[in-house]
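Next come the chains, spelled out residue by residue.
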Amino acid sequence: MRLSCLVSDRHRGEHPVGDAADTEELARRAAAGDGAALDGLLQRIRPEVVRRCGRFLPCREDAEEAAQDVLLQVARRITTFQGRSRFSTWLYTVVANCARQKYRELKRRAVEQPAPIDAAQHVDPRTTSVIAGSRVDLLEALERLEREHPHLVAPLVYRDICQLEYAEAAERVGVPLGTLKSRLHEARKQVRPWLTGTV
């Protein structure tokens, strides 16, 4: 089973934002210190960043908060983008990290400050189907995978959630393509029963 089944097929193959070539050019200029290019880049990528964060976080407000974190990280770290890979690949790394960090923050906040839930006003995110399971279930599975098999997390995030090509995912993880595929296969095998509730 491909975990990307958790993500709508209609998004596959589309450019990250606007014209991909223009975005890459803005990123290169911003990385070189062009402030106007950075402003243009942040404005251009924002809708895509919100959408990508929404793949991790079921609540729109949470996704938008995570997106703000992503944009802040891009602004702060754009000079570390060296252009060896596509900007979109670099961006998805930031998105994945910020969305997962936001999830951890929300979990911690819920434990520290439990609040009564008005059933009439709130929908249990576990009942919100994203084709197979909920995004909350997926995030919890990623947290468990990180505890038990941390080296398997990045291949799963980059390939099945961020939908990078195998070669790009291998580049981001820093392993040969064959190793990436092997780890991805093992990660899917580990996570599948957690998502289907068979353990």
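Scroll up to find the structure.
No experiment lies behind these values; they were computed from the predicted model shown.

Undergrad: I would appreciate a short explanation of the overall build of the chain in the present structure.
TA: Within the chain one finds eight helices and zero strands. Out of the 199 residues belonging to the chain, those deemed buried represent 43%. Looking at the chain alone, contacts between residues at least 24 apart form 66% of all its contacts between residues at least 6 apart. Of the roughly 10,600 Å² that the chain leaves accessible, carbon and sulfur atoms contribute 50%.

Undergrad: I tried to follow the nonpolar core on my own but got confused; where do I start?
TA: For soluble globular proteins, nonpolar side chains are generally found buried alongside one another. One finds Phe56, Val74, Ile78 and Phe87 to be the most contacted residues of the largest nonpolar core, which totals 54 residues. Only α1 (20-31), α2 (35-54), α3 (60-77), α4 (87-112), α5 (135-148), α6 (153-161), α7 (166-173) and α8 (177-196) provide two or more residues apiece to this core. For this core, the leading source of residues is α4, giving ten residues. When sequence neighbours within four positions are dropped, the list of residues in contact with Phe87 reads Thr23, Glu24, Ala27, Leu41, Ile45, Val74, Ile78 and Phe81.

Undergrad: I'm lost on the packing of aromatic side chains in this one. Help?
TA: Centre distance and the angle of the planes are the two values used to describe a pair of aromatic rings. By the definition in use, this model includes three aromatic pairs. Here the aromatic cluster, defined as three or more aromatic residues joined through ring pairs, consists of Phe81, Phe87 and Trp90. Directly above the ring of Tyr92 sits Arg52, whose terminal nitrogen or CZ lies 4.1 Å from the centroid. Lys181 extends its terminal NZ or CZ atom over the ring of Tyr166, reaching a point 5.2 Å from the ring centre.

Undergrad: Can you walk me through the packing of α3 against α4 in this structure?
TA: The angle between the axes and the distance between the axes are what describe a pair of packed helices. Where α3 contacts α4, the two axes come as close as 9 Å, and the packing angle between them is 130°. By the angle between their axes, α3 is oblique relative to α4. Viewed along their axes, α3 and α4 form a crossing whose handedness is right-handed. Mapping the contact onto sequence places Asp62, Glu65, Ala66, Asp69, Val70, Gln73, Val74 and Arg77 in α3 and Phe87, Trp90, Leu91, Val94, Val95, Cys98, Ala99, Lys102 and Leu106 in α4. Residues of the contact of α3 with α4, tallied by class, amount to eleven nonpolar, one polar and five charged.

Undergrad: Hey, could you run me through the pattern of salt bridges in this one?
TA: Two side chains of opposite charge can pair, provided their charged atoms sit close to one another. A full pass over the atoms with the stated rule returns 15 salt bridges. One salt bridge connects Glu65 with Lys102, and the closest N-O pair in it is separated by 2.9 Å. Here Glu65, found in helix α3, pairs with Lys102, found in helix α4; they are 37 residues apart in sequence, far enough to count as distant. Exposure remark for Lys102: the relative accessible area of 4% places this residue in the buried category. Of the charged contacts in the structure, one is a salt bridge between Arg104 and Glu143, with a shortest N-O distance of 3.4 Å. On the criterion of sequence distance, the pair formed by Arg104 in helix α4 and Glu143 in helix α5 is long-range, its members being 39 residues apart. Given a relative accessible area of 11%, Glu143 falls into the buried group.

Analysis parameters
Residues numbered from 1 in each chain as written. Predicted model: local features only at pLDDT ≥ 70, side-chain atom pairs only at ≥ 80, totals over all residues. Heavy atoms only, no water. Helix = DSSP H or I, 4+ residues; strand = E, 2+ residues; numbered from the N terminus. Buried < 20%, exposed > 50% of the residue type's maximum accessible area, 1.4 Å probe, protein only. Contact = heavy atoms within 4.5 Å. Areas by Shrake-Rupley, 256 points an atom, 1.4 Å probe, with all protein chains shown as cover. Core = buried A, V, L, I, M, F, W, Y, C linked by side-chain atoms within 4.5 Å. Phe/Tyr/Trp six-rings, centres within 6.5 Å; stacked < 30°, edge-to-face > 60°. Lys NZ or Arg CZ within 6 Å of the ring centre and 35° of its normal. Axes fitted to C-alpha atoms, helices over the stretch in contact; angles between N-to-C directions. Parallel < 35°, antiparallel > 145°, perpendicular 65-115°, else oblique. Left-handed = near helix turned anticlockwise from the far one by under 90°. Nonpolar A, V, L, I, M, F, W, Y, C, P; charged D, E, K, R; others polar. Salt bridge = Lys/Arg side-chain N within 4 Å of Asp/Glu carboxyl O.

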